[in-house]
Amino acid sequence: MKVRIMLGALALFLVTVSVNAQSDQNIRQKNLQKRENVNTNRQENINQRNPEGKGQVDNRVERRDDRIDRKQKRTDRRVNRRKGQ
């Protein structure tokens, strides 16, 4: 009798955990979809205001490369100073 009750409780627990996991995944998926919609709508609004794309130069990668080089140069100087070179 106790074994049957324990098995029933275990089965109920497993079903509950499974349902919660699916629910969490659905919530995550819904949030991702919302974020994608917001980004799409924002881009559409930008394209409506500025159809020719004037002034939208994306040079973030180039700037980031420069920044990485400067940071690496600073790191090298600091390491050499600690080594006594």
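Check the entry above for the structure.
Residues numbered from 1 in each chain as written. Predicted model: local features only at pLDDT ≥ 70, side-chain atom pairs only at ≥ 80, totals over all residues. Heavy atoms only, no water.

Visitor: Teacher, can you tell me more about the overall build of the protein chain here?
Guide: If you tally the helices and strands in the protein chain, you get two helices and zero strands. Against the compact-globule benchmark of 12 Å for 85 residues, the protein chain has a radius of gyration of 28 Å, which places it well outside the compact range. Summarising its shape, the C-alpha atoms of the protein chain cover approximately 75 × 55 × 10 Å along the three principal directions. Counting all 85 residues of the protein chain, 0% fall into the buried class. Carbon and sulfur atoms make up 51% of the accessible area of the protein chain, which amounts to about 8700 Å² in all. Here the protein chain contributes 22 positive and 10 negative side-chain charges, whose respective centroids are spaced 12 Å apart. (Helix = DSSP H or I, 4+ residues; strand = E, 2+ residues; numbered from the N terminus. Rg over C-alpha atoms; globule rule 2.2 N^0.38 Å. Buried < 20%, exposed > 50% of the residue type's maximum accessible area, 1.4 Å probe, protein only. Areas by Shrake-Rupley, 256 points an atom, 1.4 Å probe, with all protein chains shown as cover. Lys, Arg positive; Asp, Glu negative; His and termini not counted. Charge placed at Lys NZ, Arg CZ, Asp CG, Glu CD.)

Visitor: Sorry if this is basic, but what is going on with a negative patch on the surface here?
Guide: Residues Glu62, Asp65, Asp66 and Asp69 make up a contiguous surface patch of negative charge. One can find Asp69 in helix H2 (residues 60–83). (Patch = residues over 30% accessible without salt bridge, like charges linked within 9 Å, V, L, I, M, F, W, Y side chains within 5 Å. Salt bridge = Lys/Arg side-chain N within 4 Å of Asp/Glu carboxyl O.)

Visitor: So what exactly am I meant to see when it comes to the environment of Met1 here?
Guide: In this structure, Met1 sits in the segment before helix H1 (2–49). Overall, Met1 belongs to the exposed group, its relative accessible area being 77%. Along the primary structure Met1 and Asn39 are separated by 38 residues, whereas in three dimensions their C-alpha atoms are 57 Å apart.

Visitor: How should a positive patch on the surface be read in this particular structure?
Guide: Together, Arg63, Arg64, Arg67, Arg70, Lys71, Lys73, Arg74, Arg77, Arg78, Arg81 and Arg82 make up a positively charged patch on the protein surface. Along the chain, Arg78 falls in helix H2.

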